[in-house]
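Topology and contacts: notes
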Amino acid sequence: MRIHLTSVFVDDQDKALRFYTDVLGFVKKHDVPLGTDRWLTVVSPEDPDGTELLLEPSGHPAVRPYRTALAEDGIPAASFAVDDVRAEFDRLRGLGVRFTQEPLEMGAITTAVLDDTCGNLIQIAHSG
């Protein structure tokens, strides 16, 4: 068993697609119209057949209180692996990305947390 698909709720799918591709560096995998929304996924360019991230519309009534509670408590909605947290932090900050947690070493793990501009906090992490 392996993870095939996971999702983050986003306020605006077009804005999310731009952020996750143009800023974070993912590539679009699927973009299927479903009425007013889309089945919109991105993947790592390093693993185009790997785990997909669904940029899921946040219209369900349970989403707003859930995301608000996570953000208020500083809890990331997702975590992405990077080779070098400090280098990625510097690159993304240079692109105007707002971080809620600068790189922090916790033993063998280094993390940082950013705002995805679509209603989520996202953690980047490296272990080793």
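First things first, this report covers the structure right here in the doc. (Residues numbered from 1 in each chain as written. Predicted model: local features only at pLDDT ≥ 70, side-chain atom pairs only at ≥ 80, totals over all residues. Heavy atoms only, no water.)

**Some thoughts on the pattern of salt bridges**
According to the stated counting rule, one finds eight salt bridges in the structure shown. A salt bridge links Arg98 to Asp115; the nearest nitrogen and oxygen atoms lie 2.8 Å apart. Of the two residues, Arg98 is situated in the loop between helix H3 (85-94) and strand S6 (99-106) and Asp115 in strand S7 (residues 109-115); the sequence distance between them amounts to 17 residues. Each of the salt bridges in this network shares a partner with another, and the network as a whole consists of Asp14, Lys28, Asp31 and Arg38. (Salt bridge = Lys/Arg side-chain N within 4 Å of Asp/Glu carboxyl O. Helix = DSSP H or I, 4+ residues; strand = E, 2+ residues; numbered from the N terminus.)

**Things to note about the sheet that holds strand S5 (residues 78-81)**
A sheet is described by the order of its strands in space; here four strands give the open sequence S5-S8-S7-S6, paired in mixed fashion. The open sheet has two edge strands with one neighbour each: S5 and S6. Neighbour-to-neighbour, the strand axes of this sheet turn through a mean angle of 20 degrees, independent of strand direction. Taken together, the four bridges between S5 and strand S8 (residues 121-127) define a ladder with parallel strand orientation. By the bridge assignment for S8, Ala81 is matched with Ala125. The strands touched by H3 within the sheet are S6, S7 and S8, with S6 carrying the most contacts at an inclination of about 165 degrees. (Pairing = 2+ DSSP bridges. Axes fitted to C-alpha atoms, helices over the stretch in contact; angles between N-to-C directions. Contact = heavy atoms within 4.5 Å.)

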